[in-house]
Amino acid sequence: MTGPAGHGGLTVPAGPTGLAGRPGRLGRDAPPVPLTWLYAPGDRPSVVRKALVSGADVVIVDLEDAVAPDRRAYALAATAELLAEPHPVPIHVRIHSPRDIPALAPLPGIVALRVPKVTHPTDIQRIVELAQGLPIYPLLENALAVEHAYAIAAAHPSVHGIALGEADLRADLGVREDSGLDWPRSRVVVAARAAALPPPVQSVHPDVRDLNALAAGCARGRAMGFLGRAAIHPRQLPVIARAYLPTPGEVAAAEEVVKAAETEEGALALPDGRFVDAAVVEGARRVLTLAARTA
């Protein structure tokens, strides 16, 4: 069985790994790629409503870190009321506990579940049984989860993406410098690719005022293979989008590669001497898919 277009002809095994049909497609005919994912606290409906008109590609209603323990019941009830009808902007919910899922899964306004503190692929099965077919995005927040990154990503077809929860991971590892997370970041990028999932989304930048540091972090994440970033304030959204959209030079180079591929079959060399194969062509098509967001 052949994997999704956009994986360079990657053969995806069927059967117990359940990788066939994964949402890893990033080619010419793929749906728009989300780049900005905005968190909003579930116990503040007014903030959630503002998030829905902020321009974020996806809004994540947070029932976990952003909500005080004595307000979690209210946050769940308010979120369920919000999700009683569909919304133009996709809404994911970061649950606090699997106990939240039965109240959320049947509602027409929810698009996916973000599941914190997943450490092992067996954790996924419990979520799948409750989720009623909803896409699941496990968050890897400790060393054991990072060690199991591929197994978690490949645990079930309902897993549509993985990401790091960097604040908790820093605490677990005792990391003080940002570079101390480079290996876990690369690990989840490779694991997502191996499981035929889309590239992971970067974790949030906690300082909403330092937009220069946010831009620099996004540039580094993009170079490592991430695609898009979570945000905690609307002012971060344009910075993230600019960082992850291709530059005019990148678009021009991608157009040259795709044009050459349409006139010749197999491997080829461009006029400037660059060698181009199928994987390079597919990468160029992914660039043009992203560029089309601004057309």
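Analysis parameters
- Residues numbered from 1 in each chain as written.
- Predicted model: local features only at pLDDT ≥ 70, side-chain atom pairs only at ≥ 80, totals over all residues.
- Heavy atoms only, no water.
- Helix = DSSP H or I, 4+ residues; strand = E, 2+ residues; numbered from the N terminus.
- Buried < 20%, exposed > 50% of the residue type's maximum accessible area, 1.4 Å probe, protein only.
- Contact = heavy atoms within 4.5 Å.
- Areas by Shrake-Rupley, 256 points an atom, 1.4 Å probe, with all protein chains shown as cover.
- Core = buried A, V, L, I, M, F, W, Y, C linked by side-chain atoms within 4.5 Å.
- Pairing = 2+ DSSP bridges.
- Right-handed = clockwise from strand over helix to strand, strands pointing away.
- Phe/Tyr/Trp six-rings, centres within 6.5 Å; stacked < 30°, edge-to-face > 60°.
- Salt bridge = Lys/Arg side-chain N within 4 Å of Asp/Glu carboxyl O.
- Expected span 1.5 Å × (residues − 1).
- Arc of directions from axis to C-beta.
- pLDDT = per-residue confidence, 0-100.

Go over the overall build of the protein with me, naming the residues and quoting the values.
In terms of regular secondary structure, the protein is built from twelve helices and nine strands. In the protein, which comprises 295 residues, the share counted as buried stands at 47%. Considering only intrachain contacts with a sequence separation of at least 6, the fraction spanning at least 24 residues in the protein is 61%. On the protein, roughly 14000 Å² of surface is accessible, and the fraction owed to carbon and sulfur atoms is 56%.

Tell me what's going on with the nonpolar core, and back it up with residues and numbers.
Membership of the largest hydrophobic core comes to 64 residues, with the highest contact counts inside it found for Val93, Leu104, Leu113, Leu140, Ile162 and Tyr244. No other element matches the five residues that helix α10 (residues 237–244) contributes to this core. Excluding its chain neighbours within four sequence positions, the residues that come into contact with Leu104 are Leu63, Leu76, Thr79, Ala80, Leu83, Val93, Ile95 and Ile110. Val257, Val258, Ala261 and Leu270 belong to the second largest nonpolar core, which has nine residues in total.

Any chance you could break down the pairing of strand β5 (residues 136–140) for me, citing the residues and the numbers?
For a regular strand, side chains alternate in direction, first toward one face of the sheet and then toward the other. Within β5, five of the five residues are buried, which leaves the element mostly enclosed by the surrounding structure. Of the two faces of β5, the one holding Ile136, Pro138 and Leu140 and the one holding Tyr137 and Leu139 are both buried throughout. Across three bridges, the pairing between strand β4 (residues 112–115) and β5 is parallel. Looking at β5, one finds that Leu113 is bridged to Ile136. With helix α4 (residues 121–131) bridging β4 and the parallel β5, this β-α-β connection has right-handed handedness. In the sheet, β5 pairs with strand β6 (residues 163–164) via two bridges, with the strands oriented parallel. Paired with Leu140 across the strands is Leu164, a residue of β6.

Lay out the packing of aromatic side chains with the relevant residues and their values.
Scanning the model with the defined rule gives one aromatic pair in all. With a centroid separation of 6.2 Å and an interplanar angle of 65°, the aromatic rings of Trp37 and Tyr137 are classed as edge-to-face. With Trp37 in strand β1 (residues 36–41) and Tyr137 in strand β5, the pair connects residues that are 100 residues apart, well separated along the chain. Assessed through its relative accessible area of 6%, Trp37 is described here as buried.

Talk me through the pattern of salt bridges; I want residue IDs and the actual numbers.
Tallied over the full model, the rule gives 16 salt bridges. As a salt-bridge pair, Asp178 and Arg170 come within 2.7 Å of each other at their nearest N and O atoms. Salt bridges here are not isolated pairs; linked through shared partners, they connect Asp62, Glu64, Asp65, Arg94, Lys117, Glu141 and Asp168.

Residues and numbers for helix α9 (residues 211–224), please.
Counted at 1.5 Å a residue, the expected span for α9 with its 14 residues is 20 Å, and the 20 Å between its end C-alpha atoms agrees. Of all the positions in α9, only Leu214, Cys218 and Gly221 are classed as buried. Viewed along the axis of α9, the buried residues span an arc of 65°, placing them on a single side of the element. Of the exposed residues in α9, the ones pointing more than 90 degrees away from its buried face are Asn212 and Ala223. For α9, the elements touching its buried residues are β7 (229–231) and α10.

Please set out the sheet that holds β7 residue by residue, giving values where relevant.
Spatial strand order, β6-β5-β4-β3-β2-β1-β7: seven strands in an open sheet with parallel pairing. For this open sheet the edge positions go to β6 and β7, each flanked by a neighbour on one side alone.

Describe α10, with residues and values.
Burial analysis of α10 places six of its eight residues in the buried class, the great majority of the element. For α10, the set of buried residues is Leu237, Val239, Ile240, Ala241, Ala243 and Tyr244. In this structure, the buried residues of α10 make contact with β1, α9, β7 and α12 (278–291).

Any details on the confidence of the model for the protein? Residues and values, ideally.
On average, residues of the protein score 87 in pLDDT, and 85% of them are at 70 or above. Within the model, pLDDT remains below 50 along residues 1–21, and this stretch shows 37 contacts once partners closer than five positions in the same chain are excluded. This model gives residues 24–31 a pLDDT under 50, and the stretch forms 22 contacts once residues within four places in sequence are excluded.

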